[in-house]
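Fold and geometry: a report
One-letter residues, chain by chain:
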Amino acid sequence: MQGEAVDKASSSSMHFRDSKRKVDYVLAYHYRKRLAQHPPGVGSVEPMRRAASLALVSNGRTRKGCAEPQWQDGAHHAPQEQPGEEVIELSPLDALEEEKQLQREEYERRLVEAGLEIERDPENKSQGLSFVRIHAPWQVLSREAELLKIKVPTKKMYEITEEGGILKTLNEIWCKLTEPLQPRVPQPENTNMKILFYPFSREKIYLYNIKDKDTFFDNATRSRIVREILKRTSTKARNSMGISTLIASNVYDAAYPLHDGEYEGQNDDMNERKLLYEEWARYGAFYKFQPIDLIRKYFGDKIGLYFAWLGLYTEFLIPSSVVGIIVFLYGCITIESDIPSKEMCDQRNAFTMCPLCDKFCDYWNLSSACTTARASHLFDNPATVFFAIFMALWATMFLEQWKRLQMRLSYFWDLTGLEEEEEHPRPEYETKLLEKKLRNKKMTTKNPNEDEKEKLTWSDRVPGYAANFGLILFMILLTFSAVFGVMVYRITTAAALSFSTNATTRSNVRVTVTATAVIINLVVILILDEIYGAVAKWLTEIEVPKTEKTFEERLILKAFLLKFVNSYAPIFYVAFFKGRFIGRPGHYVYVFDGYRMEECAPGGCLMELCIQLSIIMLGKQLIQNNLFEIGIPKIKKLFRKIKDERTEQKEMDPNQSKDRQQWVLDYTLEPFTGLTPEYMEMIIQFGFVTLFVASFPLAPLFALLNNIIEVRLDAKKFVTELRRPDTVRAKDIGIWYDILNGIGKFSVIINAFVIAVTSDFIPRLMYQYVYSQNGTMHGFINHTLSYFNVSHLKAGTQPENSLFAQDVLFCRFKDYREPPWSQNQYEFSKQYWAVLSARLAFVILFQNLVMFLSVVVDWMIPDIPKDISEQIKNEKSVLVEFFLKEEHEKLKLIESFMARDNQKHKSGAKGRRSRAASFSQCNRSQKGSFASFSSQHTEV
């Protein structure tokens, strides 16, 4: 018997106890019974009332033999005091629990009044976790589907006309080549046919292909309908509006739809969740395409669009990675033929450089920086300029292609013409509005109509806006302070290591300082990222946005601003500020009275920018995006499991099945909090790929490798680690597209300045075509180095115990300045102003050229594919024809019924006339007989 009960429980893990009605939504809450006990011998109504709690409720009716609902005897009327019963005052904790219980009873009663059917767990322990299961019958589903204008399949199917010619042939070849990469998920029998969808209407029920009312609306649509009812159902207590308010006030712990069963196990039952896990959410399926249609069907349009965008972005990283590798290999191949690197490494040139620090640093030969110069050529070469232009056009093409794919998905997912749904106010907004109403109670009593129109104005939000402005400014200054702190660390550490007596330590000062400073930067960025995420959420909450959409948009903007500044501030410093304001020998710029501002390496700052960018990018991806995403949810799940087990170990129910139900398994999962973190990490990565790609051509390759893992990591998280999200209708990715577009435009300017200011591309170009005597790069290093008379060094800054010969009269430093024998000694030379003008001209030319090419690409690629625009027009005409045909058949049916009715009416009228005639004849004969009888009688 026990085995049969377990089998029955497992088979009905998605249904009510009757194994017929499907569980569409679940409410979970923790309950705790009264601590106060009655004295011995005194009866208590409450425990009896709790024990006789209702197990099944169906549209407000109870089955025969079941107890009445709890709310019918306890929601509004307190138990009356009986003779011999002692009234005990409740403790504050008991009173709070009693208030929550009453709110739950009232809320569930109103859900039943709305037409939903409810099943509750009996509260047979002193405290524990309990669930309320909700089922929506056909009447509720059809009513709400009509109100929400949910598009459902009709009886009509029409053929999709495909483009012929070479495009069709190429598409067929591509499909055959990629057949092993396609996920094995159910596909439509005829892919050339599309079902016509139309908003549900009960008056036009004959239009829809309804084979079974229980399966006509899929699970995602059913849960969406129930969620809308939960959101708009209110209770009188504390003027709460919807389930969000009740969860915020801890009346309920959670509200969620169920997953479609287990995703792994020995059972042969295949559900959509298990199919998604096997074909999409496993790391072993990394080489397969994503089943976007199934993802959208299971998780909804919003999540489906995210994974479609992520998939397209990952695919677009493939060509950019290939080009980046080619640029890097070009630098490796041409490193031996690079004349400036050869000149720097040639010890015969003997460029004696000025000391890197005061007093403790000696003169040094430029040839000692040979390794840095050769490494810089890998990323600072003519191919870098081409790659920067290519990536700017790549970003434009990616966004244009996404608009086309988004339009295609909107057509096939029937999102075209999707109207914005009216959103319910957030609980925090309602609470703030209630506080305002209470403050203005005297005014509202005078004008009762004003209570309905009252809302929060800008004056109510002024404190929130002021706090936002002040704290965001403070956080940005905090980020700059962190960058300045790392800069001070560089300077002081470099000075301290220069004092070392170990020759190896002194020779590796720059490498040691750079590596440790980048790691410190990475740790600071990771810590501030977490802080800024929490701060952005808190700042958005004190603004009190009215709807969830407004809240999400404002949160995204704040979080992006703070995280953008945090992630890129160290990189901006190295790219555009380091080594720009150091002064010159004899007149250096000092910080903290004795520490010189740090300089770039002899090969320039581009190599250091590459190191900074690569370590921060890879560190964020490996630590923050992967380890945090895997580790933190598992830790939270473990803590929740331990907490629930401790609560349940106190009182074990012997009748409880060992196989836990689906709603219990889903409760242990992490709640879904939105797509903002997923989009944010990809947007920051998109910035690393586009903004400074001129300094690190391998960035797209590392982003591609990360995203191959990221897609499966996100997929596994959604399928196995998170509760099933509520399906949300969305026709685009919202504000994220605007952010991507802004980054794409900003990257053009940034890369122009990186090439012009940070790299040596412009000085080399100027030397080869303006200053070189033979049109080659021979003599470039000597041209970029200025002379300084060592006798002009300030007292106390000369090197002590110099290993160089005593006859060092002049040292060299990298800058365009007049020599000591000039009248304007150490002033900026004409070459400096010529190179500066060329830099600015290049920025303007590069920016306008790339912007023009981007506009051309944008113009050449239409936002809506031609076949989709034609199909949309065709679908409208098919819809009109289908309506006319169905209405015509309906009229014919009505006319046939009317004709039958008329025939029946006529035949009935003839029958009545014949019966009337026979009756009249009979009547006349009777009258005749009576007459004859009377006459006979008289005659007699």
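Everything quoted here is computed from the prediction, not taken from an experiment.

Moving on, we come to the overall build of the protein chain. Counting its secondary structure elements, the protein chain contains 30 helices and 15 strands. Looking at the protein chain residue by residue over its 940 residues, the buried ones come to 46%. Carbon and sulfur atoms make up 59% of the accessible area of the protein chain, which totals about 49,800 Å².

With that settled, the discussion passes to the state of the cysteines. Applying the stated criterion across every chain, the model contains 4 disulfides. Bridging Cys 357 to Cys 361, the disulfide has an S-S length of 1.7 Å. Here the disulfide of Cys 357 and Cys 361 is right-handed, its torsion about the S-S bond being about 95°. Grouping residues by exposure puts Cys 357 and Cys 361 together as buried.

The next subject is the confidence of the model for the protein chain. In the predicted model, the protein chain carries a mean pLDDT of 79, and 82% of its residues have values of at least 70. The secondary-structure element of the protein chain with the lowest mean pLDDT is helix 3 (residues 70-74), recorded at 37, while helix 11 (residues 301-333) shows the highest, at 93. Note on residues 446-452: pLDDT under 50 across the span, and 2 contacts to partners over four residues away in sequence or across chains.

This part is about the pattern of salt bridges. Tallied over the entire structure, the rule returns 42 salt bridges. Ionic pairing is found between Asp 121 and Arg 133, a salt bridge with its closest N-O pair at 2.7 Å. Separated by 12 residues along the polypeptide, Asp 121 in the loop between strand 3 (117-120) and strand 4 (127-135) and Arg 133 in strand 4 bring together distant segments of the chain. The two residues Asp 121 and Arg 133 agree in class, both being buried. A salt bridge links Glu 552 to Lys 302; the nearest nitrogen and oxygen atoms lie 3.1 Å apart. Note that Glu 552 is positioned in helix 21 (residues 548-576) and Lys 302 in helix 11, a separation of 250 residues in sequence. Taken together, the shared-partner salt bridges in this structure form one network comprising Arg 17, Glu 119, Asp 121 and Arg 133.

Here helix 26 (residues 735-758) crosses helix 29 (residues 830-860) at 150°, and the two axes come no closer than 9 Å. With respect to each other, helix 26 and helix 29 are oriented roughly antiparallel. By crossing handedness, the relation of helix 26 to helix 29 is classed as right-handed. Residues Lys 745, Val 748, Ile 749, Ala 752, Phe 753, Ile 755, Ala 756 and Val 757 of helix 26 form the contact with helix 29, whose participating residues are Arg 839, Phe 842, Val 843, Phe 846, Gln 847, Val 850 and Met 851. For the contact of helix 26 with helix 29, the residue count by class is 12 nonpolar, 1 polar and 2 charged.

Along the polypeptide, Val 23 turns up in the loop between helix 1 (2-11) and strand 1 (25-32). Expressed as a C-alpha distance, the spacing of Val 23 and Arg 133, which sit 110 residues apart in the sequence, is 6.1 Å. The contact partners of Val 23, leaving out residues within four places of it in the chain, are Met 14, His 15, Phe 16, Arg 133, Ile 134, Leu 258 and Trp 663.

Tracing the backbone through its elements, the reader meets Ser 747 in helix 26. Looking at Ser 747, its side chain comes within polar contact range of the main-chain oxygen of Gly 744, at 2.6 Å. Filtering out sequence-adjacent residues up to four positions away, Ser 747 remains in contact with Thr 690 and Leu 691.

Calculation notes
Residues numbered from 1 in each chain as written. Predicted model: local features only at pLDDT ≥ 70, side-chain atom pairs only at ≥ 80, totals over all residues. Heavy atoms only, no water. Helix = DSSP H or I, 4+ residues; strand = E, 2+ residues; numbered from the N terminus. Buried < 20%, exposed > 50% of the residue type's maximum accessible area, 1.4 Å probe, protein only. Areas by Shrake-Rupley, 256 points an atom, 1.4 Å probe, with all protein chains shown as cover. Disulfide = S-S within 2.5 Å. pLDDT = per-residue confidence, 0-100. Contact = heavy atoms within 4.5 Å. Salt bridge = Lys/Arg side-chain N within 4 Å of Asp/Glu carboxyl O. Axes fitted to C-alpha atoms, helices over the stretch in contact; angles between N-to-C directions. Parallel < 35°, antiparallel > 145°, perpendicular 65-115°, else oblique. Left-handed = near helix turned anticlockwise from the far one by under 90°. Nonpolar A, V, L, I, M, F, W, Y, C, P; charged D, E, K, R; others polar. Polar contact = N/O pair within 3.5 Å; in protein donor to acceptor, adjacent residues only side chain to side chain.

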